Amino acid sequence: MILWLNGTFGAGKTTTAKELTARLPESRLFDAEQVGYMLWHVLGKPRDFQDLPPWRGLVVETARQVLDYVGGTLVVTQTVLNEEYWREIRTGLTEAGIPIRHYLLHTDHDTLVHRIETDTDPESAGARQWRLDHLADYDRALPWLRREATTIDTTTIPPSRVAELVLTELELERP
């Protein structure tokens with residue numbers, strides 16, 4: 001199974017994923033960005049590696065092979081704001097027989113800006129402006145994201161509670 005945590009930068013995807021993998025037996029964090037970095041090395045850097053068709057196919061194939069090898073659950077933290085790209089990934093995973101649960105971690109605009117501007121992680125400092133610049137893309141994608149994913153509002157709740165909500169929903173889905 002794949003638990004895909006979508007949402008804009010600062011919504012709490014990475015921290016929630018760490019909470020989930022700590023609580024969910026046989027789960028692993030799958031960072032689809034690493035596939036993109038590998039492609040940048042091979043193909044050069046476009047504006048966004050998601051624009052490279054091999055990225056979408058390789059995310060599906062890598063997830064399939066990892067799950068075939070180790071089983072369990074992959075927790076993916078990847079913002080996908082292009083609906084066509086999301087459908088391509090979702091279709092590929094479905095055709096590979098991989099159950100997928102898609103969650104949108106949503107936070108109100110002012111809180112997102114505050115989180116991005118006050119993020120003290122050294123790795124985040126260089127991406128601060130890029131993240132702020134992409135909030136409008138997120139706002140444009142929000143209608144289809146709400147249709148395609150289970151939305152969890154992370155504005156006022158900590159990632160530990162978000163993880164609890166995801167796990168509770170998974171339990172409710174089991175027969």
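As a reminder, the structure under discussion sits directly above these lines.
Not measured: the values here are computed from a predicted model. (Residues numbered from 1 in each chain as written. Predicted model: local features only at pLDDT ≥ 70, side-chain atom pairs only at ≥ 80, totals over all residues. Heavy atoms only, no water.)

The subject of this paragraph is the side chain of H106. Position of H106 among the secondary structure elements: in strand β4 (residues 100–106). Only 2.6 Å separates the side chain of H106 from the side chain of Y138, close enough to count as a polar contact. In this view, H106 contacts Y138, L142, R146, T151, I152, D153, T154 and T155; residues no more than four positions away in its chain are not counted. (Helix = DSSP H or I, 4+ residues; strand = E, 2+ residues; numbered from the N terminus. Polar contact = N/O pair within 3.5 Å; in protein donor to acceptor, adjacent residues only side chain to side chain. Contact = heavy atoms within 4.5 Å.)

Turning our attention to the sheet that holds strand β1 (residues 2–6). The parallel open sheet is built from 5 strands, whose spatial order is β2-β3-β1-β4-β5. Pairing within the sheet leaves two strands with one partner each, and these edge strands are β2 (27–30) and β5 (150–153). The average angle at which neighbouring strand axes cross in this sheet is 25 degrees, direction not considered. Pairing between β1 and β4: 5 bridges, direction parallel. Within the sheet, the bridge partner assigned to N6 lies in β4 and is L104. (Pairing = 2+ DSSP bridges. Axes fitted to C-alpha atoms, helices over the stretch in contact; angles between N-to-C directions.)

Moving on, we get to the nonpolar core. One finds I2, W4, F30, W55 and L93 to be the most contacted residues of the largest nonpolar core, which totals 30 residues. At the level of secondary structure, the elements contributing two or more residues to this core comprise β1, α2 (33–43), α3 (53–70), β3 (73–77), α4 (83–95), β4 and α8 (135–148). Not counting the four nearest positions on each side in its chain, F30 is found in contact with V35, V59, T62, A63, L74, V75, V76 and T77. The next biggest cluster of nonpolar side chains, apart from the first, holds 19 residues, and it includes V75, L112, I116 and I152. (Core = buried A, V, L, I, M, F, W, Y, C linked by side-chain atoms within 4.5 Å. Buried < 20%, exposed > 50% of the residue type's maximum accessible area, 1.4 Å probe, protein only.)

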